[in-house]
Amino acid sequence: MIKICGECEWHRLETRQYPNKRGQITCTAQVRCGWVCSNPESDYYTDYTDYTDTCEEWSERGIE
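Residues numbered from 1 in each chain as written. Predicted model: local features only at pLDDT ≥ 70, side-chain atom pairs only at ≥ 80, totals over all residues. Heavy atoms only, no water.

Draft legend 1. Focus on the overall build of the protein chain. Counting secondary structure elements, the protein chain contains zero helices and two strands. Expressed as a percentage of the 64 residues in the protein chain, the buried residues total 20%. Expressed as a percentage of contacts within the protein chain between residues at least 6 apart in sequence, the contacts between residues at least 24 apart total 48%. For the protein chain, the computed accessible surface area is about 5300 Å², with 48% contributed by carbon and sulfur atoms. (Helix = DSSP H or I, 4+ residues; strand = E, 2+ residues; numbered from the N terminus. Buried < 20%, exposed > 50% of the residue type's maximum accessible area, 1.4 Å probe, protein only. Contact = heavy atoms within 4.5 Å. Areas by Shrake-Rupley, 256 points an atom, 1.4 Å probe, with all protein chains shown as cover.)

Draft legend 2. Representation of unusual backbone geometry in the model. A positive phi angle is found at T46, which is not glycine, with a value near 70 degrees. Tracing the backbone shows T46 in the segment after β2 (25–37).

Draft legend 3. How the structure looks around empty space enclosed by the protein. Evaluation of the coordinates by the stated rule reveals one cavity of 30 Å³ or more. In this structure, the largest cavity spans a volume of roughly 80 Å³. In terms of lining, the largest cavity is formed by C5, C8, W10, H11, C37, N39, S42, C55, E57 and W58. (1 Å grid on protein atoms, 1.4 Å probe; cavity = no way out; pocket = protein on both sides within 12 Å on 5 of 7 lines; lining within 4 Å. Points joined across faces, edges and corners; volume = space filled by probe spheres on them.)

Draft legend 4. Local environment of the environment of M1. With respect to the secondary-structure elements, M1 resides in the segment before β1 (11–19). Classification of M1 by relative accessible area gives exposed; the value is 63%. Distance in space between the C-alpha atoms of M1 and R61 is 10.0 Å, their sequence separation being 60 residues. For M1, the contacting residues outside a window of four places in its chain are E7, W58 and E60.

Read these as geometric descriptors, not functional statements.
Right under this line is the structure:
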């Protein structure tokens, strides 16, 4: 297994929700922002990460 962010279980696509014209949050208002590290044990936690980035806290992704 290659130990890069793109193959890690903690590499997640960040989305943000914005209110629509009526001030309500809707699924259609989601905007993709980029891939981030979601591992609280990592030095890169909450940082934007590229597919080929690496880190010591890599963890194999489970079956999706």
